[in-house]
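For reference, the chains in residue letters:
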Amino acid sequence: MKAIRRFSVRPVLPEPLRPLQELARNLRWSWHPETRDLLRSVDPDGWTSGGEDPVRLLGTVTAGRLAALAADRGFLRRLGVAVEDLRDYLTEPRWYQQTDARAGGELPRAIAYFSPEFGITPALPQYSGGLGILAGDHLKAASDLGAPLIGVGLLYRHGYFRQSLSPDGWQQEHYPVIDPHELPLTPLLEADGSRARVSLALPGGRTLTAQIWQVQVGRVPLLLLDSSVAENGPAERDVTDRLYGGGSEHRLLQEMLLGIGGMRAVRAFCRLTGHAEPEVFHMNEGHAGFLGPERVRELGELGIGFDAALRAVRAGTIFTTHTPVPAGIDRFAEDLVARHFGEGGELASLDLQALLGLGREPLGAAAPGGQPVREGEPAPFNMAVLGLRTAQRCNGVSTLHGHVSRGMFAGLWPGFDAEEAPIGSVTNGVHAPTWTADATRRLAEGSRSDTELWELRRSLREQLVHDVRARLRASWRQRGAGQAELGWVDEVFDPDVLTLGFARRVPSYKRLTLMLQDPDRLKALLLHPERPVQIVVAGKAHPADDGGKRLIQELVRFADDPAVRHRIVFLPDYGMGMARSLYAGCDVWLNNPLRPLEACGTSGMKAALNGCLNLSVRDGWWDEWFDPDFGWEIPTADGVAAAEPERRDAIEAAALYTLLEQQVAPCFYDRGVNGAGLPGRWLEMVRATLDRLAPRVLAERMLREYITGYYAPAAAAHRAMTAEAAGELAAFAERVTHEWPGVAVEHVEPGNEPPTLGGSVSLRVRVALGGLEPSAVEVQAVTGRVDGDDTLAEPGYVPLKATGGPDLAGRWTFEGELTLNRPGPFGYTVRVLPAHPLLAHRAELGLVAAAAPPG
Ligand SMILES: *Cc1c(COP(=O)(O)O)cnc(C)c1O
């Protein structure tokens, strides 16, 4: 019989053990090894069987064990130390407080950080992959630095799916239900003790209500909205059922709840706890895009019109785009969006056409997110476009991805070169305390001899071998094998064999099966008599992606072959727990995406923290930080074979095999050099990775870049943007837009010629400004080297000054000097842009008038 309801009976902890609750309910234990060890020691078996979740652990531990612990002086002493440590961590001034004090209070008092997924610990499975793990690492690093973030997300009752395999290697999906009471979740309460709720108006008079759970991530509160509440109808209750499940409308409702409901939850949280209101709003990918329109609505209640409110909202908003892959960007049919907003829906006080316009893809070839929109077709509502239009500061997640994003979204700023699109970049980072194995951390603290380093690598590899065997056995049992048939699993993997890891989600651009291009060549690598390689592979395909499932099946079938199954394994259910073991235990982390579709990639960074070397296509972060001391670059054929994907795969796979055969394996197995039986060059690379690469890949570095480059300027812009200033800026934007057709560069007088190096060219230009005054514009010379077709490379910008008044035809004269400090072909042009102190970027209003090219 099945129970129709379930609940947990919570034991009452004996008085001396009460502080355990405090430790269990703050997720800092997940990156503080001493606290984690203490919690595990409460009941080591229960810790493992309960999924390393201390709240569940404390709910199941026996009264006898609790009584014993309450009388264990050693345990109580450690408990006291851990609790003191947590309290200090939560209250002492940290980097942020010190930096803010030096900067005179310029840093934001609070920052709301919105993400559709958060990967913080395996015990809270609210993530599908890199985006969520990054969000989790962002919160943890914020906590460590003392940055006042408030995380905002959804609580999915089924999380993401759990993966297993059918006997023939087909991905199976399971959706276990999570029970909030067994997790470190606390309901946010109103003053009267009832649960705090937010609600959204849906078409047809329906209401979507969600309760707000709070998770404490060190110093950072994370608010998770949960629509599984009694007052919702069945459809509304299911809005937060799964991460990335369901059809278009389901997804739209999730995103409305995240953006609009999330903003309302932040307001409720600040009202109920006295927390400072956020001055900066950061969207981790476009899914939370509706927070902008929601804030426009809030300002509307204060009597601020749409345009002014939008200017004000943009000032404090940051949008981070995470993928150049069209399928990764949400696009909705405009009529679906229209049905949910306006009359009888949400944000009814906003002008519906203005709202729809914010997400509408521009016409033309450069339209982002898939097929270009053509004249006459309905343009989809694109969440990334919404993000870009509602945030004054935007960024990609590696230098290369910033460049790719500028090209991809250039259509939003017509008239400007793609490189001028206002999208910067902050390269992702990873949270070292979460991803560094305890043994690596201990060794890193002292000086490390080659012998110690090699012993560390071997012991991490050996742990991985045990983990691989246990997971493989469990997988085969699940696939229907009997215990007696599985003796061979004990022979799988060898702690002395070069170990490669490849684990990630399975969208097609990540090319899970590139290594299978030439199965014989792969077999020869695996079975090499002196220099064998062993490979561990893992990854989940999206439930709706049969193509991805076929790739997994192909890999599983290859790995099932008795001839190679001791050297290559596919482990189902890739998640944070498995990831930690793989990153630490592998010698080489393999990544072979289709360049440049990997926006950043972070698994290779986590591997590097443990001295694992990278073997990767130069995409994402590896394009930036590749160094022959840190690993190898797989040469790509992006130019040659872009139109022939099969040929491209074959070329790149061949390059990968060659690297493994001729460089990676020989380097690992070369034990002659220093006479101690150690691979000298390999260890040199491990050391370089730990000493020089690991400090760069940190989430703390990433967060500092966000704080100084994005959060602080956004807070300043937000503070400067009073209702009055916003109204003035909106009026300015409207006026220049109206006058712009009359703006033109009419005449450019060439100066003294011919120029010599170190000399200068004086420029005198005549411009028409329509009805605008010179202070409303910047007239600038754009200068630089020119190539064969006169394109300016790496241009510089020189502002010209207005001299005198307008001539009889109303034209103004601007002058300036161009310094010539580089020999060779040199060119310039002249253009006019709107100028206003509250604009953050020259392309911001999308207006430019350039001198006509000659001829
Ligand atoms: C880091 C991580 C990812 C992201 O890896 P990529 O290299 O960005 O593909 C995905 N899943 C888990 C569990 C991770 O820890």
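Quick caveat: nothing in here was measured; it's all calculated off a predicted structure. (Residues numbered from 1 in each chain as written. Predicted model: local features only at pLDDT ≥ 70, side-chain atom pairs only at ≥ 80, totals over all residues. Heavy atoms only, no water.)

1. Points about the sheet that holds strand 27 (residues 801-803)
So, step 1. The 4 strands are arranged 23-24-28-27 in an open sheet whose pairing can be described as antiparallel. Every interior strand has two partners, whereas the edge strands, strand 23 (743-749) and strand 27, have only one. Adjacent strand axes in the sheet meet at a mean angle of 35° when their direction is disregarded. (Pairing = 2+ DSSP bridges. Helix = DSSP H or I, 4+ residues; strand = E, 2+ residues; numbered from the N terminus. Axes fitted to C-alpha atoms, helices over the stretch in contact; angles between N-to-C directions.)

2. What to know about the domain arrangement of the protein chain
So, step 1. When its domains are assigned, the protein chain resolves into domain 1 (15-91), domain 2 (111-156 + 189-429 + 707-720), domain 3 (448-691) and domain 4 (736-850).
So, step 2. For domain 2 versus domain 3, the separation of C-alpha centres amounts to 35 Å.
So, step 3. Each partner contributes to the interface: domain 2 provides 23 residues, whereas domain 3 provides 21 residues.
So, step 4. In total, about 1500 Å² of surface goes out of reach between domain 2 and domain 3, with carbon and sulfur atoms giving 68% of it.
So, step 5. At the junction of domain 2 with domain 3, the criterion picks out 0 salt bridges.
So, step 6. Here domain 2 and domain 3 share 5 residue pairs in polar contact (both at pLDDT 80 or more) between them.
So, step 7. Only helix 8 (130-145) and helix 16 (399-408) provide two or more residues apiece to the side of domain 2 that touches domain 3.
So, step 8. Examining the composition of the side of domain 2 that touches domain 3, we find that 4 residues originate from one element, helix 16, more than from any other.
So, step 9. Class assignment of the residues belonging to the side of domain 2 that touches domain 3 gives a composition of 10 nonpolar, 12 polar and 1 charged. (Domains from an automatic or database assignment. Contact = heavy atoms within 4.5 Å. Buried area = accessible area lost by both parts, 1.4 Å probe. Salt bridge = Lys/Arg side-chain N within 4 Å of Asp/Glu carboxyl O. Polar contact = N/O pair within 3.5 Å; in protein donor to acceptor, adjacent residues only side chain to side chain. Nonpolar A, V, L, I, M, F, W, Y, C, P; charged D, E, K, R; others polar.)

3. Let's talk about the UniProt feature "domain: DUF3417" (unreviewed entry) in the protein chain
So, step 1. Following the UniProt record, one finds the feature "domain: DUF3417" (unreviewed entry) at residues 13-124.
So, step 2. For the annotated span residues 13-124, helix accounts for 58% and strand for 5% of the residues, and the straight-line distance between the end C-alpha atoms is 23 Å. (UniProt positions renumbered as here; feature names shortened; annotations may be inferred.)

4. Observations regarding the pattern of salt bridges
So, step 1. Scanning all chains against the criterion turns up 65 salt bridges.
So, step 2. In this structure, R264 and E294 form a salt bridge, with 2.9 Å as the shortest nitrogen-oxygen distance. Of this pair, R264 sits in helix 10 (residues 248-273) while E294 sits in helix 11 (residues 291-301); the two residues are 30 residues apart in sequence, bridging distant segments of the chain.
So, step 3. Judged by relative accessible area, which is 18%, R264 ranks as buried. (Buried < 20%, exposed > 50% of the residue type's maximum accessible area, 1.4 Å probe, protein only.)

5. Digging into the site of the ligand
So, step 1. Near the ligand lie 15 residues; those nearest to it are K510, Y583, T602, S603 and K606.
So, step 2. One of the backbone N or O atoms of T602 is found 3.1 Å from an oxygen atom in the ligand.
So, step 3. Interatomic distance of 2.6 Å between a side-chain N/O atom of K606 and an oxygen atom of the ligand.
So, step 4. Summarising the interface, the protein chains cover 95% of the accessible area of the ligand, which totals 390 Å² for the free molecule.
So, step 5. Contributing elements (two or more residues each) for the shell around the ligand: helix 8, helix 22 (576-585) and helix 23 (603-608).
So, step 6. Residue classes in the shell around the ligand are distributed as 6 nonpolar, 6 polar and 3 charged.
So, step 7. Mapping the shell around the ligand onto the domain boundaries places at least three of its residues in each of domain 2 (111-156 + 189-429 + 707-720) and domain 3 (448-691). (Near = heavy atom within 4 Å. Areas by Shrake-Rupley, 256 points an atom, 1.4 Å probe, with all protein chains shown as cover.)

6. Examining the UniProt feature "modified residue: N6-(pyridoxal phosphate)lysine" (unreviewed entry) in the protein chain
So, step 1. When the UniProt feature table is mapped to this numbering, "modified residue: N6-(pyridoxal phosphate)lysine" (unreviewed entry) covers K606.
So, step 2. Classification of K606 as buried rests on a relative accessible area of 4%.
So, step 3. Setting aside residues up to four positions removed in sequence, K606 forms contacts with I133, V430, W435 and Y583.

7. Brief notes about the packing of aromatic side chains
So, step 1. One pass over the structure, following the stated rule, counts 17 aromatic pairs.
So, step 2. With a centroid separation of 5.1 Å and an interplanar angle of 80°, the aromatic rings of Y583 and W589 are classed as edge-to-face.
So, step 3. Residue W589 is classed as buried on the basis of its relative accessible area, which comes to 0%.
So, step 4. Taking 5.1 Å as the distance between ring centres and 85° as the angle between the ring planes, the aromatic pair formed by F668 and W682 counts as edge-to-face. Linking F668 in helix 25 (residues 645-669) with W682 in helix 26 (residues 680-693), this pair joins segments that are 14 residues apart in sequence. Take F668 and W682: they sit in the same class, and that class is buried.
So, step 5. Taken together, W454, W632, F668, Y669 and W682 form an aromatic cluster joined through their ring pairs.
So, step 6. Positioned above the aromatic ring of Y89 is the side chain of R28, whose terminal nitrogen or guanidinium carbon lies 4.1 Å from the ring centre.
So, step 7. For the cation-ring pair, R461 lies above W454, with the distance from its terminal atom to the ring centre recorded as 5.3 Å. (Phe/Tyr/Trp six-rings, centres within 6.5 Å; stacked < 30°, edge-to-face > 60°. Lys NZ or Arg CZ within 6 Å of the ring centre and 35° of its normal.)

8. Focus on the sheet that holds strand 25 (residues 777-786)
So, step 1. One open sheet accounts for 4 strands, arranged 26-25-29-30; its pairing is antiparallel. What marks the edges here is a single partner per strand, and that holds for strand 26 (792-799) and strand 30 (849-850).
So, step 2. Inspection of the sheet shows strand 29 (residues 826-834) paired to strand 30 by 2 bridges, in the antiparallel sense. By the bridge assignment, R831 is partnered in strand 30 with A850.

9. Here we look at the packing of helix 14 (residues 352-359) against helix 15 (residues 383-390)
Any two packed helices are characterised by the angle at which their axes cross and by the distance between the axes.
So, step 1. Remark: helix 14 packs on helix 15, axes separated minimally by 6 Å, with the N-to-C direction vectors making an angle of 105°. In terms of orientation, helix 14 lies roughly perpendicular with respect to helix 15. Here G357, L358 and G359 of helix 14 lie close against helix 15, whose contacting residues are V385, L386, R389 and T390.
So, step 2. Partitioned by chemical class, the residues of the contact of helix 14 with helix 15 number 3 nonpolar, 3 polar and 1 charged. (Parallel < 35°, antiparallel > 145°, perpendicular 65-115°, else oblique.)

10. Topic: the pairing of strand 8 (residues 197-201)
So, step 1. Residue alternation in strand 8 divides its side chains into a buried set, V198 and L200, and an unburied set, R197, S199 and A201.
So, step 2. Of the pairings in the sheet, the one linking strand 8 to strand 9 (residues 207-217) comprises 5 bridges and is antiparallel in character. By the bridge assignment, A201 is partnered in strand 9 with T207.
So, step 3. Counting the residues in the hairpin turn of strand 8 and strand 9 gives 5 residues, including G204, whose phi is positive at 75°.

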